[in-house]
Amino acid sequence: MTLATVTKRSVKSPPRPARRGRPPTGQGAWFLVLPALLPILVLSVGPLLYGIALAFTDSQSGRTAPTRWIGTLNFQDLVHDTLFWDSFRIGLLWAVGVTVPQFLLALGLALLLNQDLKLRWPARALAIIPWAMPEVVVGIMWRLVYNPDAGILNETIRDLGLGDGRDWLSGLSTALPAVIVVGVWAGMPQTTVALLAGLQNTPRELHEAAAMDGAGAWRRFLSVTWPALRPVALAITALNLIWNFNSFALVYVLTSGGPGGRTRLPMLFAYEEAFRYGQFGYAAAMGCVLVAVISVLLAVFLAGRLKGGEDA
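Here we summarise the structure given alongside this text. (Residues numbered from 1 in each chain as written. Predicted model: local features only at pLDDT ≥ 70, side-chain atom pairs only at ≥ 80, totals over all residues. Heavy atoms only, no water.)

## Structural notes on the packing of aromatic side chains
Under the defined criterion, the tally for this structure stands at 17 aromatic pairs. With a centroid separation of 6.3 Å and 55 degrees between ring planes, the pair formed by F84 and F269 is classed as tilted. Of this pair, F84 sits in helix α4 (residues 82–113) while F269 sits in helix α13 (residues 266–276), placing them 185 residues apart in sequence. Considered together, F84 and F269 belong to a single accessibility category, that of buried residues. Note on F248 and Y252: the rings are 5.3 Å apart at their centroids and 15 degrees apart in plane angle, and the pair reads as stacked. Residue class for Y252 comes out partly exposed when judged on its relative accessible area of 31%. Taken together, the aromatic side chains of F84, W85, F88, F245 and F269 make up a single cluster linked through ring pairs. For the cation-ring pair, R166 lies above W168, with the distance from its terminal atom to the ring centre recorded as 5.8 Å. (Phe/Tyr/Trp six-rings, centres within 6.5 Å; stacked < 30°, edge-to-face > 60°. Helix = DSSP H or I, 4+ residues; strand = E, 2+ residues; numbered from the N terminus. Buried < 20%, exposed > 50% of the residue type's maximum accessible area, 1.4 Å probe, protein only. Lys NZ or Arg CZ within 6 Å of the ring centre and 35° of its normal.)

Structure representation (structure tokens):
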């Protein structure tokens with residue numbers, strides 16, 4: 001028996017890996033996806049299709065006559081409805097007015113919470129408290145803050161000798177800015193959390209290398225932090241813009257669209273047409289227009305992301 005034969009017999013071959021089952025295909029895959037897909041179809045896709053169909057009818061509340069198919073008449077009326085386009089303009093002002101300062105303040109807070117500071121974890125917990133509060137509770141709380149007689153804001157103004165205060169939510173010139181402040185405060189935590197997650201994924205070695213090369217804090221932010229944070233910033237800004245444009249509960253609790261329609265967002269206007277005036281078909285047409293606008297914004301955003309990914 002040769003040495004090569006002994007060596008060959010003494011060395012055992014590694015065990016074969018166990019066969020893994022093939023991923024399910026066809027009907028098996030649909031069966032696994034169905035539990036997650038069914039609620040979406042029932043609670044989202046179904047009502048959306050029903051709302052689109054309702055927009056082409058003269059459906060109203062309390063009518064005994066059958067609902068009639070009227071084609072695009074609701075959309076034709078909507079084109080000439082100045083109140084709707086005013087609400088659309090207010091919605092854009094609200095969405096941009098909330099999203100921009102929300103992002104800037106959240107970015108500053110995320111940069112601060114990313115530092116090695118004492119009591120950093122309690123500060124992070126406190127920063128997300130507004131996010132954990134329901135919008136109705138936030139609206140009631142800020143109504144108390146803005147109360148013209150006993151609100152903490154007017155009391156502070158009087159104590160500082162800056163005047164007698166004012167009715168912030170009822171003034172034609174102050175209602176929308178006051179509501180925007182509440183929107184920024186309520187939505188800033190989720191933006192902060194997203195940006196903080198992006199900052200923590202930035203390698204510290206890059207900051208250390210830039211500091212060794214003599215780059216200051218602002219230069220390190222432009223050349224290291226922002227390029228790594230930009231995808232997260234674009235995503236959360238686009239989502240915030242859409243969420244803010246679709247806002248309803250917060251503004252409804254604060255002002256109900258007043259005074260004089262100065263804070264009547266598109267969703268509030270559609271709500272009033274449907275449930276105050278009973279014009280279900282007309283309100284559904286408004287909803288279709290809003291869905292179309294949001295779909296266009298999403299398409300532009302996704303196209304920009306895909307183009308950016310290809311360029312990278």
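## A few points about the pattern of salt bridges
Oppositely charged side chains are able to pair whenever their charged atoms sit close together. Scanning the model with the defined rule gives four salt bridges in all. One salt bridge connects R158 with E155, and the closest N-O pair in it is separated by 3.4 Å. Placement of the pair is R158 and E155 together in helix α8 (residues 152–159), with a separation of three residues, close to one helical turn. E155 gets classed as partly exposed once you look at its relative accessible area, which sits at 33%. The closest approach of N and O atoms between E272 and R264, which form a salt bridge, is 3.4 Å. Residues participating in the shared-partner salt-bridge network are R264, E272 and R276. (Salt bridge = Lys/Arg side-chain N within 4 Å of Asp/Glu carboxyl O.)

## Section: the packing of α4 against helix α9 (residues 175–200)
Between α4 and α9, the shortest axis-to-axis distance is 6 Å and the interhelical angle comes to 45 degrees. Taken together, the axis directions place α4 and α9 in an arrangement best described as oblique. When you trace α4 past α9, the crossing you get is right-handed. Looking at side-chain class alone, the contact of α4 with α9 contains 21 nonpolar, six polar and no charged residues. (Axes fitted to C-alpha atoms, helices over the stretch in contact; angles between N-to-C directions. Parallel < 35°, antiparallel > 145°, perpendicular 65-115°, else oblique. Left-handed = near helix turned anticlockwise from the far one by under 90°. Nonpolar A, V, L, I, M, F, W, Y, C, P; charged D, E, K, R; others polar.)

## A look at the nonpolar core
In this structure, W94, Y146, V182, L250 and L254 are the most contacted members of the largest nonpolar core, which totals 21 residues. Listed by contribution, the elements that provide at least two residues to this core are α4, α7 (135–145), α9 and α12 (249–254). The element that contributes the greatest number of residues to this core is α9, accounting for seven residues. For Y146, the contacting residues outside a window of four places in its chain are L153, W168, L169, A178, V181 and V182. Within the second largest apolar cluster, 14 residues are counted, among which are A110, M188, L229 and I236. (Core = buried A, V, L, I, M, F, W, Y, C linked by side-chain atoms within 4.5 Å. Contact = heavy atoms within 4.5 Å.)

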